[in-house]
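Listed below, chain by chain, are the residues.
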Amino acid sequence: MKANFQEKMNDLSIFLNNQRHLKSIKEAFMMTVPITMVGSIALLISTPPIPATTENATLQAIKAWCMSITGFKLPYTMTIGIFGLWVLLTVAYCHAKNCGVNVLSGTLIAAVSFMCISGRPEEGKIAINGLGSGSIFAAMVIGLVTIEMYAWLLKKNVKIKMPEVVPPAVSA
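Residues numbered from 1 in each chain as written. Predicted model: local features only at pLDDT ≥ 70, side-chain atom pairs only at ≥ 80, totals over all residues. Heavy atoms only, no water.

## Description of the side chain of Thr77
Thought 1: Inspection of the secondary structure puts Thr77 in helix α5 (residues 73-79).
Thought 2: From its side chain, Thr77 meets the backbone oxygen of Lys73 in a polar contact 2.8 Å long.
Thought 3: If sequence neighbours within four positions are ignored, Thr77 has contacts with Ile69, Ile82 and Ile128. (Helix = DSSP H or I, 4+ residues; strand = E, 2+ residues; numbered from the N terminus. Polar contact = N/O pair within 3.5 Å; in protein donor to acceptor, adjacent residues only side chain to side chain. Contact = heavy atoms within 4.5 Å.)

## Considerations on the packing of helix α2 (residues 20-31) against helix α8 (residues 136-155)
Thought 1: One can describe the packing of α2 onto α8 by two numbers: an axis separation of 11 Å at closest approach and a directional angle of 125°. By the angle between their directions, the pair α2 and α8 is classed as oblique. As α2 runs across α8, the sense of the crossing is right-handed. For the pair α2 and α8, contact is made by Arg20, His21, Ser24, Ile25 and Phe29 and by Ile136, Met140, Leu144 and Glu148, respectively.
Thought 2: Its residues assigned to classes, the contact of α2 with α8 comprises five nonpolar, two polar and two charged. (Axes fitted to C-alpha atoms, helices over the stretch in contact; angles between N-to-C directions. Parallel < 35°, antiparallel > 145°, perpendicular 65-115°, else oblique. Left-handed = near helix turned anticlockwise from the far one by under 90°. Nonpolar A, V, L, I, M, F, W, Y, C, P; charged D, E, K, R; others polar.)

## Quick look at the nonpolar core
Thought 1: Val87, Leu88, Val91, Val101, Phe114, Met140 and Ile147 are the most contacted members of the largest nonpolar core, which totals 25 residues.
Thought 2: Per-element tally for this core: the top contributor is helix α6 (residues 83-99), with nine residues.
Thought 3: Dropping the residues within four chain positions of it, Met140 is found in contact with Ile25, Phe29, Val87 and Val91. (Core = buried A, V, L, I, M, F, W, Y, C linked by side-chain atoms within 4.5 Å. Buried < 20%, exposed > 50% of the residue type's maximum accessible area, 1.4 Å probe, protein only.)

## Re the pattern of salt bridges
Thought 1: Enumeration according to the criterion identifies one salt bridge in this entry.
Thought 2: Notably, a salt bridge pairs Arg20 with Glu148, separated by 2.9 Å at the nearest N-O pair. Linking Arg20 in helix α2 with Glu148 in helix α8, this pair joins segments that are 128 residues apart in sequence.
Thought 3: Judged by relative accessible area, which is 23%, Glu148 ranks as partly exposed. (Salt bridge = Lys/Arg side-chain N within 4 Å of Asp/Glu carboxyl O.)

## Observations concerning unusual backbone geometry
Thought 1: One non-glycine residue, Glu123, lies in positive phi territory at about 55°.
Thought 2: Following the sequence through the fold, Glu123 ends up in the loop between β1 (121-122) and β2 (125-126).
Thought 3: Judged by its relative accessible area of 82%, Glu123 falls in the exposed class.

## Observations regarding a nonpolar patch on the surface
Thought 1: Taken together, the side chains of Phe5, Met9, Leu12, Phe15, Leu16 and Leu22 make up a nonpolar region of the molecular surface, amounting to roughly 590 Å² of accessible area.
Thought 2: For the nonpolar patch, the leading source of residues is helix α1 (residues 2-18), giving five residues.
Thought 3: Tracing the sequence through the fold places Leu22 in helix α2.
Thought 4: A relative accessible area of 41% means that Leu22 is categorised as partly exposed. (Patch = residues over 30% accessible without salt bridge, like charges linked within 9 Å, V, L, I, M, F, W, Y side chains within 5 Å. Areas by Shrake-Rupley, 256 points an atom, 1.4 Å probe, with all protein chains shown as cover.)

## Observations regarding the environment of Gln6
Thought 1: Mapped onto the secondary structure, Gln6 falls in helix α1.
Thought 2: Overall, the relative accessible area of 49% leaves Gln6 in the partly exposed class.

What follows is the structure in structure tokens.
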């Protein structure tokens with residue numbers, strides 16, 4: 001009975017490992033590990049163990065600089081602070097590669113789609129609060145759906161025909 005259960009679980013794990021959407025997500029999250037590590041180290045450095053009640057001006061200045069956006073808070077903000085964007089880019093890249101479509105075009109289309117949905121403009125600038133870890137699920141869905149739609153349109157030969165004067169690199 002135990003061997004039968006192990007065989008069924010082995011078959012299930014092989015099936016799930018070969019499923020292209022899950023494979024893309026798995027590969028994408030493996031690609032985000034270095035980003036996560038940099039952001040985590042920056043967060044540890046940006047919050048030095050200096051008590052808030054210290055009267056030493058030098059220590060207070062060091063703590064204030066570390067926690068400022070010009071200090072070690074910047075690498076944290078650019079990694080973990082926009083983690084949803086990194087997830088989208090890696091999911092779209094891996095899924096385009098697994099679907100056999102143009103990786104760069106697919107990833108850029110997915111990025112534009114994600115920015116239209118999650119990157120809300122505030123005072124003429126893109127607010128990064130919609131690009132953080134709260135948007136990871138949306139990033140995965142948008143990355144997968146965008147590439148699936150792109151692959152389907154290419155399969156159906158739906159293309160925008162450009163005039164002959166347009167260079168081939170632009171019209172591709």
